Amino acid sequence: MTSTVAPKVPDGADPHDSRDPGDPSDPRDPRGLRSGAPLLDAWLRATAADSATGDAARMSIPGHKQRTGLTGAVVAGDIPLYAGLDTIKHADALLAEAEQRAARLWGADWCRFSVAGSTHGNQALALAVGRPGDEVVVSRTLHRSLLLGLVLAGLRPVWVRPEVDPASGLPRAVPVTAVRAALAAHPGARAVFLGDPSYVGTTGDLAGHAAAAHEAGLPLIVDAAWAAHLGFHPGFPPHALAAGADAMVTSAHKALPAWTQGALVLARTDRLDPARLDRAFEATHTTSPAGTILASIDAARELLARDGEALSGRLLAAVATARTRLAAVPGLAVLDGPDIEPGKLVVLLAGTGAHGHRVEAELIAAGMPVEMADRDTIVPIVTLADEPEHVERFTETLVAAIERHRSAPRHPAPGLAWGLVPQVVLPPRDAFFAPHETVPADEAAGRVSAELVAPYPPGVPVLAPGELVTADIVAALRAVLADGGRVAYAADPSLRTLQVVSEPERSDPSGAARR
Ligand SMILES: Cc1ncc(COP(=O)(O)O)c(C=O)c1O
C-alpha cells in the first residue's frame, strides 16, 4: 500500500502526483471534509489503497502489516503518518500543511498535532519556557501532567489558587489579583500557567491574566484541555488565544469528534520561541505518530471551520435545555451563570441526598457512563457529536436514577484538591529524584512526599512530590477510597503506605534505599 503512495493534498499538492482527486462522495467522509483536510484526505486514500492492493508485501511498520490474521480486528484502521499517510520522506510536509490550517483557524502562528493528549502538550509547553531552577506562576489545581512537566523541565512553581465556592465546594477561577501578587513577589518568574476552563467548567478572566502576564513581559500559557470547542459561536467564550493567551493546549479527543489521544498545541510566538517550542514538542512525542489520530484532528478542525457555529448552537441549546430540566428537580442543582462554560453540564446532587457513585452505577448499567462522579457531583460530557435527543435521553435517565437514590439532603463536601494549601518543602523535581523510602501512611505525617497522589478524575494532585504529608491529607485521601473513589498514581493504591523523601539522617549508608 502506502510506501509507494503519495497522497495528493488539495492545496499545495505534490506536482508529481497524477492520481485522481479523492472521491467527494466517499461514504466514509459523510460531510465531505476531505477537500479541506489534507491529512483526512490522505487517510481516506491510504485506507482505500490498502483494500485495493490487498495483501501486498509491505515492508515497513506497523508490525501488523495491515493484516488482522494474527491479533485480529483490534489493529484494523491503524495507519501511521510515516509510510502510511505519505512516504517517510514526504509525510512531514503533509502534516505541516494540516497544522498550518489549524494555526490559522485558532489565530496562532505555531501549531502542532499531538497523538499523546494534552498530557504531552502540557509537558511540551513546560519544556518550552525557562531553564531548570526558574520559577513559573502556576495554578495549584493543575492537572498532574503539567506538574510532571514542571518536574521534567526543572521549573519551580509559585502556586496560585482558585477561590472555592462555599455553596458547592467547587473551584471558581484563579483571581487576576492572585497572579499579579505572585508576579510582584517573584519578579524572576518566566511564565504564567493556568487551566481554563477548570475541570468543572468555571472560567476566569483570561484577558485580565494575559494583561498581568504581559505587563511582566511573560507569556500566559493555558491548559484548555476541555475547551477545543470554544470560540466558534457567540454563545461561547472566546478560546484562550483569542482572549490574549500566548499558548494553549487542548484535547481534540475531549470536546471534538477526534480519536482518543488527539490534541493540539497552539501558540503565538511574540513571547515564545518557535524553534524552542518545536524542540520541546518533539522531546517527548513519539517518532511514530498514528496517522489515524492525526487525520481525525485534521477532520475535527475542518468540521469546526465549516460547521462549528451551527454545531455549537445545537450543543448550547441541548445543554441549556438539560440545565433547565435538571434544575427543576427538587433538591437538584446545576452549575450555571456567567462564569460557567455554557457547554458544560455539572450536576450537584447534595440537595437530593443521592450518592453520586450509586447514580453513576445506574448510568453505567444503562450504557451512559459519565466523565466524573463523586458523592456530590456528576459531570457528564456533552459534545458537538450529541444530538438533542441523546442529551434528553441521558437527562431523563439521570433524573430517574437520582429519584431512586433520593435521601436526606446534605451539605456538599468540598473537593479535596480544590481548596488545598500545600506546604512546599522541596521543588517537585528535587523530590521526584530524591532517594525515597516507603513508610506506613499513618507514620508519614511530617515527611515530604516523594510521589504524586491524585483522586482521578479530576487528576489534580492532592500530594505532589516535595509537599509535606499531613495527617489530614492522608485521612482525606483514604476517605475518597473508602467512599468508592479512585485514588491514582500512588505506589501503593491501598494507601496503607506512602513514599516519602529519605531524611538524610535516616538514609541507608549502604545506598540500599530505593531510588
Ligand atoms: C485539565 C486537564 N489537562 C490535561 C489533561 C490531560 O489530557 P489528555 O487525557 O488528553 O492527555 C486532562 C485530562 O483529563 C485535564 O483534565
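Because the structure is predicted, anything quoted here is derived from the model rather than measured.

## Some remarks on the overall build of the chain
- Looking only at helices and strands, the chain has 13 helices and 15 strands in total.
- The globule rule puts the C-alpha radius of gyration for 515 residues at 24 Å, and the 24 Å found for the chain is close to it.
- Buried residues in the chain amount to 54% of all 515 residues.
- Sequence-distant contacts, at least 24 apart, represent 69% of the contacts inside the chain between residues at least 6 apart.
- Positive and negative side-chain charges in the chain, numbering 46 and 59 respectively, have mean positions lying 2 Å apart.

## Considering the site of the ligand
- Around the ligand there are 14 residues in total, and Thr119, Asp223, Trp226, Ser251 and His253 lie nearest to it.
- Ser251 is positioned such that a nitrogen or oxygen atom in its side chain is 2.8 Å from an oxygen atom of the ligand.
- Across the complex, the protein chains shield 85% of the 390 Å² of accessible surface that the ligand would expose by itself.
- Listing elements by their share of the shell around the ligand, those giving two or more residues are helix H3 (117-127) and helix H7 (252-255).
- For the shell around the ligand, the element with the most residues is H3, which contributes four residues.

## What about the sheet that holds strand E10 (residues 372-373)?
- Judged by pairing direction, the sheet is antiparallel, and its four strands sit side by side in the order E8-E9-E11-E10 without closing on themselves. Across the chains shown, the open sheet's two edge strands, defined by having one partner strand only, are strand E8 (333-334) and E10.
- Where E8 meets strand E9 (residues 347-348), two bridges bridge the pair, whose relative direction is antiparallel. Among the inter-strand pairings, Val334 is bridged to a residue of E9, identified as Val347.

## Here we look at the nonpolar core
- Membership of the largest hydrophobic core comes to 93 residues, with the highest contact counts inside it found for Leu39, Trp106, Phe113, Leu220, Leu264, Ile378 and Leu398.
- The biggest single contributor to this core is helix H9 (residues 291-327), with 15 residues.
- Ala124, Leu142, Val265 and Ala464 belong to the second largest nonpolar core, which has 31 residues in total.

## So, the environment of Leu335
- Its location among the elements puts Leu335 in the loop between E8 and E9.
- For Leu335, a relative accessible area of 9% gives the class buried.
- Apart from the residues within four sequence positions on either side, Leu335 is in contact with Leu170, Val200, Arg323, Ile340, Val346 and Leu348.

Procedures and definitions
- Residues numbered from 1 in each chain as written.
- Predicted model: local features only at pLDDT ≥ 70, side-chain atom pairs only at ≥ 80, totals over all residues.
- Heavy atoms only, no water.
- Helix = DSSP H or I, 4+ residues; strand = E, 2+ residues; numbered from the N terminus.
- Rg over C-alpha atoms; globule rule 2.2 N^0.38 Å.
- Buried < 20%, exposed > 50% of the residue type's maximum accessible area, 1.4 Å probe, protein only.
- Contact = heavy atoms within 4.5 Å.
- Lys, Arg positive; Asp, Glu negative; His and termini not counted.
- Charge placed at Lys NZ, Arg CZ, Asp CG, Glu CD.
- Near = heavy atom within 4 Å.
- Polar contact = N/O pair within 3.5 Å; in protein donor to acceptor, adjacent residues only side chain to side chain.
- Areas by Shrake-Rupley, 256 points an atom, 1.4 Å probe, with all protein chains shown as cover.
- Pairing = 2+ DSSP bridges.
- Core = buried A, V, L, I, M, F, W, Y, C linked by side-chain atoms within 4.5 Å.

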